[in-house]
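# Examination of the molecular architecture
Given next are the chains, with one letter for each unit.
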Amino acid sequence: MYCLQINIQPTAAMTFRILPGSILNIATYPFAPPTTFSGYLRRLGMIYAGLEIPETRVNNDNPPFYTLPQCYCALGAYPVKGTLNAVHRTYRKGMREFNHDAFSRIYQDGDKANFQLHTWEYFIAEELVGYVVADSPDGLENFQKFVDYGCKLGKEGYAIISEVSEIIKLNQETFAAYPSTIVPMETLLQTDQFVNNCEIYNLYHYKWATDINMRSPQEGFLDNQETKIEGFIPFVTAYFLEDTQTPPTLDYFTNGGDINIPVSLVNLLKG
């Protein structure tokens, strides 16, 4: 297994909305989920290639997907240990109807804004570190070209790539360690391990189309092709906090140092 470590510099507070959730209470994950990170990197690839990034307006009839190709597995981005990170909860006004746009018009024509008060969470972090893995190193060097590129990240937020590592070779080993990423909860339950000092979240991964046939690692990456995805599949995940308790014993892809990626997460996201 081959890996890239990608360091990300947020420019402001971010919101990675937890779904399903309330319309009035917008909660955030304290990390960038794998699907969010995948879409972010795909858009940076399109910007690098000189292409227009896709419109974000929802198309309910035929929603397009723009993510990394299935051969590149984005594992999410997480606050760098030892740096400032926190979730800030506050209030903000929002529209009552989704089709109401009077509040954003330059010229008002008599329509009065119909606002309601939202509880809103913002994730504040000095720096995030994300991981992309692949069975082959082919094409991974393209991510190294994204340094100093940035775009929207999450429901709220903007971030810039500050550093991309050289391609790292990972080996599979079984041992006790704190995972560098989230861990599918099913993995922990199957191993009969007592789960402590972790937060539990509902997440989603892609349901890949069965007729994917890419001719090269660049196809569906540095172009404007839609990604062949049929939808999303929910799963439950554990996110381990500070290293104060006994770490879980799992099968990891590891560099023998600070990168310990659960094999079960890679298998789940790759489909």
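For the structure itself, consult the block above.
Before going into details, it helps to say that this report is about the structure given with it. What you see is a predicted model, and the numbers here were worked out from it, not measured in a lab.

## Comments concerning the pattern of salt bridges
Under the definition given, this model contains 4 salt bridges. Here glutamate 156 ties to arginine 92 by a salt bridge, and the two come within 3.1 Å at their closest N and O atoms. With glutamate 156 in the loop between β7 (150-152) and β8 (158-164) and arginine 92 in strand β4 (residues 85-95), the pair connects residues that are 64 residues apart, well separated along the chain. Glutamate 156 gets classed as partly exposed once you look at its relative accessible area, which sits at 25%.

## Overview of the sheet that holds strand β15 (residues 260-262)
Pairing is antiparallel in the open sheet, where 3 strands are placed in the order β10-β14-β15. Among the strands making up the open sheet, the edge pair consists of β10 (171-176) and β15. Taking the axes of each pair of neighbouring strands and ignoring which way they run, one obtains an average angle of 45° across the sheet. Of the pairings in the sheet, the one linking β10 to strand β14 (residues 249-254) comprises 6 bridges and is antiparallel in character. When the bridges of β14 are listed, phenylalanine 175 appears paired with leucine 250. Along the sheet, helix α3 (residues 263-270) contacts β10, β14 and β15; its crossing angle with β15, the most-contacted strand, is approximately 50°.

## So, the side chain of aspartate 223
In this fold, aspartate 223 is placed in the loop between β12 (198-208) and β13 (229-240). Looking at aspartate 223, its side chain comes within polar contact range of the main-chain nitrogen of glutamine 225, at 3.1 Å.

## A closer look at the environment of leucine 84
Relative to the helices and strands, leucine 84 is located in the loop between β3 (73-79) and β4. On the accessibility criterion, leucine 84 (53% relative accessible area) is exposed. Along the primary structure leucine 84 and glutamate 127 are separated by 43 residues, whereas in three dimensions their C-alpha atoms are 8.1 Å apart. Discounting residues that sit within four places of it in the chain, leucine 84 has contacts with Ile124, Ala125 and Glu126.

## Observations concerning α3
Listing the buried residues of α3 in full gives Val263, Leu265, Val266 and Leu269. Down the axis of α3, the smallest arc covering the buried residues is 165°, so these residues share one side. Glycine 271 lies just past α3 and shows a positive phi near 75°.

## Here we look at the environment of phenylalanine 31
Mapped onto the fold, phenylalanine 31 is located in the loop between β2 (25-26) and α1 (34-48). Separated by 99 residues in the primary sequence, phenylalanine 31 and glycine 130 place their C-alpha atoms 9.7 Å from one another. When near neighbours in sequence (up to four residues on either side) are disregarded, phenylalanine 31 contacts Phe16, Ala77, Tyr78, Phe123, Ile182, Tyr201, Leu203 and Tyr239.

Cut-offs and rules
Residues numbered from 1 in each chain as written. Predicted model: local features only at pLDDT ≥ 70, side-chain atom pairs only at ≥ 80, totals over all residues. Heavy atoms only, no water. Salt bridge = Lys/Arg side-chain N within 4 Å of Asp/Glu carboxyl O. Helix = DSSP H or I, 4+ residues; strand = E, 2+ residues; numbered from the N terminus. Buried < 20%, exposed > 50% of the residue type's maximum accessible area, 1.4 Å probe, protein only. Pairing = 2+ DSSP bridges. Axes fitted to C-alpha atoms, helices over the stretch in contact; angles between N-to-C directions. Contact = heavy atoms within 4.5 Å. Polar contact = N/O pair within 3.5 Å; in protein donor to acceptor, adjacent residues only side chain to side chain. Arc of directions from axis to C-beta.

By themselves, these are just geometric observations and shouldn't be taken as functional.
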